[in-house]
Structures are given as C-alpha cells and as structure tokens.
Amino acid sequence: AKDTFTEAKLKRSLSYERTSNAFSLFHGKCNRIIQGGILLFGLIPWLFSILLSSVGLPFVVSAICISVALNWLDDIIDIPFDWHSTFTLEERFGFNTTTKKIFWTDFFKNQLVSAIFTTGSIALSYFCLYGIHKFYGRVDWKVAIVFAVFSVIFGMLIEIVYMKIITPSFNKVEPMKDCELKTKM
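Please read these numbers as outputs of a predicted model, since none were measured by experiment. (Residues numbered from 1 in each chain as written. Predicted model: local features only at pLDDT ≥ 70, side-chain atom pairs only at ≥ 80, totals over all residues. Heavy atoms only, no water.)

J.: How should I be thinking about the packing of helix α4 (residues 100–136) against helix α5 (residues 141–170) in this particular structure?
T.: Packing of α4 against α5 brings their axes to within 12 Å, and their N-to-C directions diverge by 160 degrees. In terms of their interaxial angle, α4 and α5 are classed as roughly antiparallel. By crossing handedness, the relation of α4 to α5 is classed as right-handed. Note on element contacts: α5 touches α4 through V143, F147, F154, I158, V161, I166 and F170, opposite K109, V113, F117, S121, L124, S125, C128, L129 and I132. Here the residues of the contact of α4 with α5 sort into 13 nonpolar, two polar and one charged. (Axes fitted to C-alpha atoms, helices over the stretch in contact; angles between N-to-C directions. Helix = DSSP H or I, 4+ residues; strand = E, 2+ residues; numbered from the N terminus. Parallel < 35°, antiparallel > 145°, perpendicular 65-115°, else oblique. Left-handed = near helix turned anticlockwise from the far one by under 90°. Contact = heavy atoms within 4.5 Å. Nonpolar A, V, L, I, M, F, W, Y, C, P; charged D, E, K, R; others polar.)

So this is what it looks like as structure tokens:
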C-alpha cells in the first residue's frame, strides 16, 4: 500500500471511511424508525384492505403492488441521504466525480431496472407460493426450504445477469489496463 498511496491519501481515505460509516449507521437508524412507524401504524394492512375491498384487486396483485410501493418509498426516503453522501461527504474528501445530472440519471435508471426485476421476482415468488398453497392446501416447512433454495439460486442468476448484461448497458465497463496496480492485485 505504501507504493500506491501516500501517507496523506491514506489518512484522507481512512477519515472518509470513518465519516461514511458513521453516516451509514445514522441512515440505517432513520430507515428503521420509518419502517417501524409503517408497521406500528398499520400502513400495510390498511393498504391491503383498500386494494382488496375498495379497488377489488386479487390478493397476489395487491401483495405485489404493496411490495413495489414500499420499495419505491424506501428509495424516495434514501434520496436525501444519498445526496448528502455524494455531494457533501464525498465532495469534502475529494472523492466525488458525480454531477447532479448523473446522480438523477442513475437514480431513474436504477428505478427502471429495479421496477422490472423487483416486480418480476416478487410476482414470481407470490405466484409460486400462492400456487403451492392452492395445490397442496398449505405451505409446510419442506416446501419453504425448497422455495428458499430456489430463491437463492434465482438471486445468483439475477446477479450474473446484472453483471453481464445490465451494468454494461448503463455504464462504461472496460478491462483494467496492464499497469503496476493490476500486477499487484
């Protein structure tokens, strides 16, 4: 590391890491408080009752709508935290290379990709469990374990698709040039 980083860069990087970790803890606590409030005040059952009775959506579609809405709510709540992290913390330590235009473009691209994959995977999960319940009359622990294993495998496949197809579609990805750092790695 001494060949790659000067003492000043190392100190700045460590200081940024400490500040960033402290901010991440604060961010996480704020998210837990908001999520706790959503649970405590019964927002999810209230939304279910509206979607099931007033709107007349089927149970599975209502569950998908609520899952997607909660995901979007979480992303919207994260905007000020991400903004502060990018344009205040990273800026203070000289690590920010993002413009406001790139920030918002990336946010909306992530929302689009997330909407497609999240909605698809949640829908697939709910429909599978709903179908198993309808076919067998119940979902026991054996079915839950098999479903969990398939969910992990599905998650790994999504990661591969994300790395091989989605990331190169939205970002400039190129192999690392032959250099001293690559040799050391």
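J.: Could you clarify how one ought to interpret the side chain of N96 in this entry?
T.: If you trace the backbone, N96 turns up in the loop between α3 (59–93) and α4. Taking the relative accessible area as the measure of exposure, N96 reaches 16% and is therefore buried. Of note is the side chain of N96, whose polar atom sits 2.7 Å from the side chain of E91. (Buried < 20%, exposed > 50% of the residue type's maximum accessible area, 1.4 Å probe, protein only. Polar contact = N/O pair within 3.5 Å; in protein donor to acceptor, adjacent residues only side chain to side chain.)

J.: Just checking my understanding: could you explain the packing of helix α2 (residues 43–54) against α3 for this structure?
T.: Helix-helix packing is described using two parameters, namely the angle between the two axes and the distance between the axes. Running from N to C, α2 and α3 point in directions that differ by 135 degrees, and their axes come no closer than 10 Å. Accordingly, the angle class assigned to the pair α2 and α3 is oblique. Judged by the twist between their axes, the crossing of α2 over α3 is right-handed. In contact with I44, L47, F48, L51 and L52 of α2, α3 contributes F59, S62, A63, C65, I66 and L70. Taken together, the residues of the contact of α2 with α3 sort by class into 10 nonpolar, one polar and no charged.

J.: Would you mind showing me how to read the nonpolar core here?
T.: Nonpolar side chains tend toward joint burial in soluble globular proteins. Counting residues in hydrophobic clusters, the biggest one holds seven residues: Y16, F23, C30, I77, F81, L89 and F93. Every element with two or more residues in this core is listed here: α1 (7–40) and α3. Considering each element in turn, this core owes the most residues, four residues, to α3. In this structure, V60, I64, V68 and A123 belong to the second largest nonpolar core, which totals five residues. (Core = buried A, V, L, I, M, F, W, Y, C linked by side-chain atoms within 4.5 Å.)

J.: Sorry if this is basic, but what is going on with the environment of V161 here?
T.: Secondary-structure assignment places V161 in helix α5. The residues touching V161, leaving out its near neighbours within four places in the chain, are F117 and I166.

J.: What exactly am I supposed to notice about α3 here?
T.: Side chains three or four residues apart in an α-helix point the same way, a direct result of the helix having 3.6 residues per turn. In this model, α3 (35 residues) spans 49 Å end to end at C-alpha, consistent with the 51 Å of a helix rising 1.5 Å per residue. Considering bend angle alone, the principal kink of α3 is centred on I79 and spans about 35 degrees; proline P80 follows within four residues of it. Once α3 ends, the next one or two residues include G94, with phi positive near 80 degrees. (Expected span 1.5 Å × (residues − 1). Bend = angle between axes of the 7 residues up to and from the residue.)

J.: For this particular structure, what's the right way to read the packing of aromatic side chains?
T.: Each aromatic ring pair is characterised by the separation of its centres together with the angle its planes make. Counting across every chain of the model gives 13 aromatic pairs. Considering the side-chain rings of F23 and F26, the 6.3 Å spacing of their centres and the 40 degrees angle between planes classify their relative orientation as tilted. Pair noted here: F23 and F26 are both in helix α1, with a separation of three residues, about one helical turn. On the accessibility criterion, F23 (15% relative accessible area) is buried. Classification of F26 as partly exposed rests on a relative accessible area of 46%. Ring centres of W104 and F107 lie 5.9 Å apart, and the angle between their planes is 85 degrees; this geometry places the pair in the edge-to-face category. Of the two residues, W104 and F107 both sit in helix α4, three residues apart, roughly one turn of that helix. Look at W104 and you get partly exposed, because its relative accessible area is 33%. The exposure class assigned to F107 is buried, which follows from its relative accessible area of 15%. Grouped by ring-pair contacts, the aromatic residues W83, F87, F103, W104, F107 and F108 constitute a single cluster. The positively charged end of K100 is found above the aromatic ring belonging to F87, 5.9 Å away from the centroid. (Phe/Tyr/Trp six-rings, centres within 6.5 Å; stacked < 30°, edge-to-face > 60°. Lys NZ or Arg CZ within 6 Å of the ring centre and 35° of its normal.)

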